[in-house]
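Each chain is listed here by its residues.
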Protein chains: 6
Amino acid sequence: MSDKWLTSMKTEDPQSGYELAIKLSRMGVKYTQPSDEVRKKVRPAYAEDPTNLIASSQVIATNFQTIAAANNYWL
Amino acid sequence: MSDKWLTSMKTEDPQSGYELAIKLSRMGVKYTQPSDEVRKKVRPAYAEDPTNLIASSQVIATNFQTIAAANNYWL
Amino acid sequence: MSDKWLTSMKTEDPQSGYELAIKLSRMGVKYTQPSDEVRKKVRPAYAEDPTNLIASSQVIATNFQTIAAANNYWL
Amino acid sequence: MSDKWLTSMKTEDPQSGYELAIKLSRMGVKYTQPSDEVRKKVRPAYAEDPTNLIASSQVIATNFQTIAAANNYWL
Amino acid sequence: MSDKWLTSMKTEDPQSGYELAIKLSRMGVKYTQPSDEVRKKVRPAYAEDPTNLIASSQVIATNFQTIAAANNYWL
Amino acid sequence: MSDKWLTSMKTEDPQSGYELAIKLSRMGVKYTQPSDEVRKKVRPAYAEDPTNLIASSQVIATNFQTIAAANNYWL
């Protein structure tokens, strides 16, 4: 993946930080499965399955810990 | 999602912090599956399944770590 | 949930801290599934299933990290 | 559970710390399923199942993080 | 595994750090299953399965926490 | 387990630290299932199953966080 998608850990406020955590979580899926076509195909299977929805929220929570620390918790 | 739902990491006490962690956990699901209709449809499947209930508590625990650190553990 | 169940992160010793971590873990389930009746119904399914027992211990471990940090590891 | 099983987070060296992390992990299961009989019954199911063995090692790893921090990494 | 594949935790910027986290995550799989042939065989099974894709992103998120801390969050 | 297998958290460089994290992860399995015979029997089941391979990498990632912190990230 050659383009720049993560140039800074800093965000303006907690909510933008949470949204950056979502981006990181999605990029983890994208690097593992680079095919747009395959990802599109499996998307309904996880976005309508409760176990996968909770697991997605878990990945976001983990990335949010990192982003929050990088922003000194927006204090 | 255009509205503001996370303006501050600070909470008055640990319990409000725990409740904010719950909100973060739910938003992770909501961003992944934005359709209110689909989320409503799958909700019974996870709120009555023990594995999913425990997994939900795991996501909350992870977000609570972040909120607790942001509040310096309410010391 | 209107009553106060988490007024302080401080505990007298590590074991009480571990027990508070258990309480946090259970509250995560309770907020997700507020019905006492449903929780009672699914309880045997997770308390007798090894995967769910290990997952419960995982949630407790995560919450114990937070409680331990809040108590400066009872040093 | 009335008896004292966790009086200190301090251990002499990293290996004893790892063993304390194992104890914490088992206590998480015990508090969730207090019946010795039931735990004995399900034990083969998890100690011979690779997914459960890996999950057990995950719980231990999480508790070991806490114990290691409490011991300032035995530096 | 005799060759050097991890000589430094330092990366130039967050994105290279994220990519190093991906490398760490893959090495965890490689050490557990050293056979190139077997890994190649199982790859489609996880790169097309949503649960495994999310789990992969979870491992990356965990390793990214470590890399980010090692780089003082690229501040 | 009476022999000493973890005498120090310090390693020379990040890669040796990662390899120590692998050792910790395997010991978690070994303490839970001490029988060499049973572990040998279940090994193919997890080393050829993508879900278990990813879960193994997750345990390693968690232990690597601890080892990396103990080595001050090899700075």
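Everything here concerns the structure above.
Caption draft 1: Region of interest: the overall build of chain A. Check the secondary structure of chain A and you find three helices and zero strands. The secondary structure elements of chain A, listed N-terminal to C-terminal, are α-α-α. Projecting the C-alpha coordinates of chain A onto the three principal axes gives extents of approximately 40 × 30 × 15 Å. Sorting the 75 residues of chain A into buried and exposed places 63% on the buried side.

Caption draft 2: Broad picture of the packing of helix 3 (residues 50-70) of chain B against helix 3 (residues 50-70) of chain C. Relative orientation of the contacting elements helix 3 of chain B and helix 3 of chain C amounts to 10 degrees, with a least axis distance of 9 Å. Taken together, the axis directions place helix 3 of chain B and helix 3 of chain C in an arrangement best described as roughly parallel. On helix 3 of chain C, the residues touching B:Pro50, B:Thr51, B:Ile54, B:Ser57, B:Gln58, B:Ala61, B:Thr62, B:Phe64, B:Gln65 and B:Ala68 of helix 3 of chain B are C:Asn52, C:Ala55, C:Ser56, C:Gln58, C:Val59, C:Thr62, C:Asn63, C:Gln65 and C:Thr66. Grouping the amino acids of the contact of helix 3 of chain B with helix 3 of chain C by side-chain chemistry returns seven nonpolar, twelve polar and no charged.

Caption draft 3: Representation of the interface of chain E and chain A. Contacts between the two partners involve 27 residues from chain E and, on the opposite side, 33 residues from chain A. Overall, the association of chain E and chain A removes approximately 2,500 Å² of surface from exposure, summing both partners, and the carbon and sulfur fraction of that is 63%. The three residues of chain E that bury the most area against chain A are E:Gln15, E:Tyr18 and E:Ile54, which together make up 25% of that side's buried surface. Seen at the junction of chain E and chain A, the total is one salt bridge. Looking at the side of chain E that touches chain A, the elements that each hand over two or more residues are helix 1 (14-32), helix 2 (36-47) and helix 3 (50-70) of chain E. When residues in the side of chain E that touches chain A are grouped by element, the largest group, 13 residues, is from helix 3 of chain E. For the side of chain E that touches chain A, the residue count by class is 15 nonpolar, seven polar and five charged.

Caption draft 4: Up close: the relation of the copies chain C and chain B. The operation relating chain C to chain B is a screw motion whose rotation component is 60 degrees, with 0.0 Å of axial translation and a residual RMSD of 0.0 Å. Here the copies are linked by what is in effect a six-fold axis. Taking C-alpha positions as reference, the residue of chain C nearest the rotation axis is C:Thr62, located at 6.9 Å. In this assembly the copies use different faces: only 15% of the residues contributing to the interface of chain C also contribute to that of chain B.

Caption draft 5: Summary view of the arrangement of the chains. The smallest C-alpha distance separating chain A from chain C is 12 Å, and no contact links them. Considering only C-alpha positions, the minimal separation of the non-contacting chain A and chain F is 12 Å.

Caption draft 6: Region of interest: the packing of aromatic side chains. Using the criterion set out here, one finds 30 aromatic pairs over all chains in the structure. Relative to F:Trp5, the ring of D:Tyr18 has its centre 5.1 Å away and its plane inclined at 90 degrees; by these criteria the two rings are edge-to-face. With one member in each of two chains, D:Tyr18 in helix 1 (residues 14-32) and F:Trp5 in the segment before helix 1 (14-32) form a pair that bridges those chains. Taking relative accessible area as the criterion, D:Tyr18 reaches 0% and is therefore assigned buried. Arranged with centres 5.9 Å apart and planes meeting at 45 degrees, the rings of D:Tyr18 and F:Tyr31 form a pair that is tilted. Within this pair, whereas D:Tyr18 is found in helix 1, its partner F:Tyr31 is found in helix 1, the two belonging to separate chains. Residue F:Tyr31 is classed as buried on the basis of its relative accessible area of 10%. Through a chain of ring-to-ring contacts, the aromatic side chains of A:Trp5, A:Tyr31, E:Tyr18, E:Phe64 and E:Trp74 assemble into a single cluster.

Caption draft 7: Representation of the interface of chain C and chain B. With 33 residues of chain C at the interface, the matching set in chain B holds 27 residues. Summing the contributions of chain C and of chain B, the shared interface buries around 2,500 Å²; its carbon and sulfur component is 63%. On the chain C side of the contact with chain B, C:Tyr31, C:Thr32 and C:Thr66 bury the most area, a combined 22% of that side's loss. If you look at where chain C meets chain B, you find one salt bridge. Across the pair B:Asp13 and C:Lys4 runs a salt bridge, and its minimum N-O distance is 3.0 Å. Put simply, chain C and chain B have 16 residue pairs in polar contact (both at pLDDT 80 or more) between them. Of all elements in the fold, only helix 1 (14-32), helix 2 (36-47) and helix 3 of chain C reach the threshold of two or more residues within the side of chain C that touches chain B. Residue composition of the side of chain C that touches chain B, grouped by class: 16 nonpolar, 13 polar and four charged.

Caption draft 8: Up close: the environment of E:Pro50. The residue E:Pro50 is located in helix 3 in this model. If sequence neighbours within four positions are ignored, E:Pro50 has contacts with A:Val42, A:Ala45, A:Tyr46 and A:Asn52.

Caption draft 9: Broad picture of helix 3 (residues 50-70) of chain A. Residue and element names in this part refer to chain A. Taking 1.5 Å per residue, 21 residues should reach 30 Å; helix 3 reaches 30 Å between its end C-alpha atoms and fits that length. Counted residue by residue, helix 3 has 19 buried out of 21 residues, so it is predominantly covered. Positive phi appears at asparagine 72, one or two residues downstream of helix 3, with a value of about 45 degrees.

Caption draft 10: Expanded view of unusual backbone geometry. Although it is not a glycine, E:Asn72 adopts a positive phi angle of roughly 45 degrees. Relative to the helices and strands, E:Asn72 is located in the segment after helix 3. Of note, F:Trp74 is a non-glycine position whose phi angle comes to about 55 degrees, a positive value. With respect to the helices and strands, the residue F:Trp74 is situated in the segment after helix 3 (50-70).

Caption draft 11: Spotlight on the pattern of salt bridges. Residues and elements named next belong to chain A. This structure, assessed with the given rule, holds twelve salt bridges over all chains. Two residues, aspartate 36 and arginine 39, come together in a salt bridge whose shortest N-O distance is 2.7 Å. Here arginine 39 and aspartate 36 lie together in helix 2 (residues 36-47), a separation of three residues that amounts to about one turn.

Cut-off values and rules
Every residue gets a number counted from 1 within its own chain, in the order that chain's sequence is written. Think of it this way: whatever chain is written first is A, whatever ligand is written first is 1, and the rest follow in order. Under the rules for a predicted model, residues below a pLDDT of 70 receive no local features and side-chain atom pairs below 80 are neither given nor counted, while totals for whole chains, interfaces and linings still include all residues. In computing side-chain values, all of the structure's heavy atoms are included and hydrogens and water are not. The way it works is that DSSP assigns letters per residue, a run of H or I at least four long becomes a helix, a run of E at least two long becomes a strand, and they are numbered from the N terminus. Each residue's exposure class comes from its accessible area (1.4 Å probe, protein chains only) as a fraction of the maximum for that residue type: buried when under 20%, exposed when over 50%, partly exposed otherwise. Inter-axis angles, ranging from 0 to 180 degrees, are taken between N-to-C directions of lines fitted to C-alpha atoms, where helices are fitted over the stretch in contact. With respect to orientation, any angle under 35 degrees is reported as roughly parallel, any angle over 145 as roughly antiparallel, any angle of 65 to 115 as roughly perpendicular, and every other angle as oblique. In this analysis, two residues are considered to be in contact whenever any of their non-hydrogen atoms come within 4.5 Å of each other. Residues are grouped as follows: nonpolar covers Ala, Val, Leu, Ile, Met, Phe, Trp, Tyr, Cys and Pro; charged covers Asp, Glu, Lys and Arg; every other residue, Gly included, is treated as polar. In short, buried area is how much 1.4 Å probe accessible area vanishes from two parts on joining, totalled over both. Here, a salt bridge means any Lys or Arg side-chain nitrogen found within 4 Å of an Asp or Glu carboxyl oxygen. Copies overlap after least-squares fitting; the atoms used are the C-alpha atoms of residues with pLDDT of at least 70 in both. Side-chain rings of Phe, Tyr and Trp (the six-membered ring for Trp) are treated as a pair once their centres are within 6.5 Å; stacked means planes under 30 degrees apart, edge-to-face means over 60, and tilted covers the remaining angles. Polar contacts, as used here, are pairs of N or O atoms within 3.5 Å; protein pairs need one atom able to donate a hydrogen and one able to accept it. Residues neighboring in sequence count only if both atoms are side-chain atoms. For a helix, the expected span equals 1.5 Å multiplied by the residue count minus one.

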